[in-house]
Amino acid sequence: MMGWETRTSGWIKWRFGCGRYLLLVILLCSLCDFTTGHIRYSIPEEMKKGSLIGNVAQDLGLDLKRLRSGRARIVSGENVQYTELNADKGILVVKERIDREQLCGDTTPCSFSFEMILENPMELHQITVEVTDINDHSPTFKKDHLSFEISESATKGAYFPLATAEDADVGVNGLRDYSLTENDHFILKQHSNTDGKKFADMVLQKPLDRETTPSLSFKLVAVDGGTPQKSGTVNIIIDVLDINDNAPVFNQSVYKATVIENAVKDTSVVTVNATDADSGLNSDVTYYFSDRNGPLGDLFKINDKNGVILTSGSIDFEKDKKYELQIHAKDQGGLTASSKVIIEVTDVNDNAPVISVMSFTSPVSEDSPPGTTIGIINVKDLDSGDNGQVSCKIDQNAPFKIKSSLRNYYTLVTDSVLDRESVSEYNITVVATDGGIPPLSAKRTFNLKVSDVNDNAPVFPQSLYSAFLPENNSPGVSVLTLRAKDPDENQNARMSYILEDSNIGGSPISQYVSVNVETGVVQAVRSFDYEQIKELIFVVKAQDGGSPPLSSN
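Right, let's walk through the structure included here. A quick note: this is a predicted structure, and the numbers were derived from the prediction, not measured. (Residues numbered from 1 in each chain as written. Predicted model: local features only at pLDDT ≥ 70, side-chain atom pairs only at ≥ 80, totals over all residues. Heavy atoms only, no water.)

## Focus: the state of the cysteines
Under the convention used in this document: The criterion for a disulfide is a pair of cysteine sulfur atoms lying within 2.5 Å. Each residue is assigned to one of three classes by its accessible area relative to the maximum for its type, calculated with a 1.4 Å probe on protein chains only: buried under 20%, partly exposed between the two thresholds, exposed over 50%.
Throughout the structure, instances matching the rule amount to one disulfide. The disulfide partner of Cys104 is Cys110, and the S-S distance across this bridge is 2.0 Å. The S-S bond linking Cys104 to Cys110 shows a torsion near 70 degrees; that makes this disulfide right-handed. The same class applies to Cys104 as to Cys110, namely buried.

## Digging into the packing of aromatic side chains
Cut-off, in case you're wondering: A pair of aromatic rings is counted whenever rings of Phe, Tyr or Trp (Trp by its six-membered ring) have centres within 6.5 Å, and the orientation is called stacked for planes under 30 degrees apart, edge-to-face for over 60 and tilted otherwise. Numbering of helices and strands runs from the N terminus; a helix is a DSSP stretch of H or I covering at least four residues, while a strand is a stretch of E covering at least two. By definition, being over a ring means that NZ of Lys or CZ of Arg is both within 6 Å of the ring centre and within 35 degrees of the ring normal.
Considering all chains together, one arrives at 12 aromatic pairs under this definition. Ring geometry for Tyr82 and Phe112: centres 5.3 Å apart, planes at 50 degrees, overall tilted. Of this pair, Tyr82 sits in the loop between β5 (73-75) and β6 (83-86) while Phe112 sits in strand β8 (residues 111-118); the two residues are 30 residues apart in sequence, bridging distant segments of the chain. One exposure class covers both Tyr82 and Phe112, and it is buried. A centroid spacing of 6.3 Å and a plane angle of 50 degrees characterise the contact between Phe460 and Tyr497, whose relative ring orientation is tilted. Here Phe460, found in the loop between β33 (441-451) and β34 (478-481), pairs with Tyr497, found in strand β35 (residues 495-499); they are 37 residues apart in sequence, far enough to count as distant. Each member of the pair Phe460 and Tyr497 is classed as buried. Members of the aromatic cluster, joined through ring pairs, are Tyr82, Phe112 and Phe114. The positively charged end of Lys534 is found above the aromatic ring belonging to Tyr530, 5.1 Å away from the centroid.

## A look at the pairing of strand β21 (residues 285-289)
Test applied: Two strands qualify as a pair provided that DSSP identifies no fewer than 2 bridges between them.
Across the five residues of β21, five count as buried, placing the element largely inside the fold. Bridge count between β21 and strand β24 (residues 322-331): five bridges; the pairing is antiparallel. Its bridge partner lying in β24, Tyr288 is registered against His328.

## Considering the pattern of salt bridges
Stated formally: Only one rule defines a salt bridge in this text: a Lys or Arg side-chain nitrogen within 4 Å of an Asp or Glu carboxyl oxygen.
Per the stated rule, a full pass over the model turns up 19 salt bridges. Its salt-bridge partner being Arg97, residue Glu46 comes within 2.9 Å of it at the nearest N-O pair. Highlighted residues: Glu46 in the loop between β3 (35-44) and β4 (52-55) and Arg97 in the loop between β7 (91-94) and α3 (100-104), separated in sequence by 51 residues. With relative accessibility at 45%, the residue Arg97 sits in the partly exposed group. The residue Glu324 makes a salt bridge to Lys340 at a minimum N-O spacing of 3.6 Å. Within this pair, whereas Glu324 is found in strand β24, its partner Lys340 is found in strand β25 (residues 336-346), the two being separated by 16 residues in sequence.

Below is the structure:
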């Protein structure tokens, strides 16, 4: 079906037709239909609690009575529920403060999804809320000053890497530009990584003279693109060193390496190498990362003498699949060379599947047809590739099967006709196993009770009962007691005994005997004379209390 889009108060809403983006299937105790929908809202971060997100009832075409009668509610697998549903008004409002940077970091677009469930009949509607950025952060530098030692022999065009600024905002509100305050020697040259992150070098435009100017000081300014614009600054302090006329040179402009996730601390990743044509102390090279105090400094370290890059923290494939490091080699005169190291992380199977129960109903009626849905589960595995591919099965032989309905969703259904009289209760164990080596698995057990239907008629243990009664008996004397059995339970097994109409010598049988409707006790109604009646033959039926009632043959 075609989607539609409306804009109100700066927010964007989308709605999709039933079934196109179904992310949740509702448990039903028998075959039934259900409706699904998908709406999407866009709101700015930091809205006040109680602020309106959207009119869910209007956007889904539901009236308020339906929301209340269907016990409309929000289902979310997250620890924090940022929104809440006002079923009386049919609106979705902000429940908790939403900080886009805390929620998504630098990931864009930033959104979170949840489901709204209605009952009787079941409906499932997915709601996605996109959180847009506002300019609430300024660019910041890790340090308040940058120190350089640069030889007076540094040639025009020599460049010197500068520390990068960080801005937690994204898009136009993120870091946009760098500039240098006025100085006589350096200009700024800006670059962008493959991920769009900007960094800058200062480039020498006028030769340095230590004898006339032994030190320099100016500022590096970082600005964002927000309105109003925000900025951050860091002081640059340069000490001019005596002559050193050759800068280090890396043997590669880009180094590529791989590291397995969860690698132990101090695992060697790659070795970089730079050489300096100078001699003596001026040829000694030290290595360092561009942003020594940045977040990557917690994960990797470099030996400043030999250029070996080692792990220093926990490498998690599920958090970052690739790292890009800017490295520098500096000689004793302060001349610097730069290179890049791209490290790709190899996934290991370190996450077991997680089974979440979306819906489950017990008991289920024994007359439910095969294919009746009794449960919906969601199975996720944070690993990737084969390590994250999950298969589900039922762990024992039982009249149930599990079907994959959508990505990560499975439906638990009956596979044959149930019979409460044979089995009244099942413990169904679902096992989710990933494709890793060795594989990891998770189990979830469902206790399902089978409810009774009136599908068994009463049965007498004997088809013929005989009893002897002496003549001249007292009226009301008990002759025999009848007992029928019904394997059903409760009202379906409650028994009534009925004397079937017949005649003896032109008189109704009820003038001769009676049957207690509850106990089945047969009593003589009158005193008998053997010379007149030597034998009575009559029929008693047992009937249960089910609906409709069943009788013995």
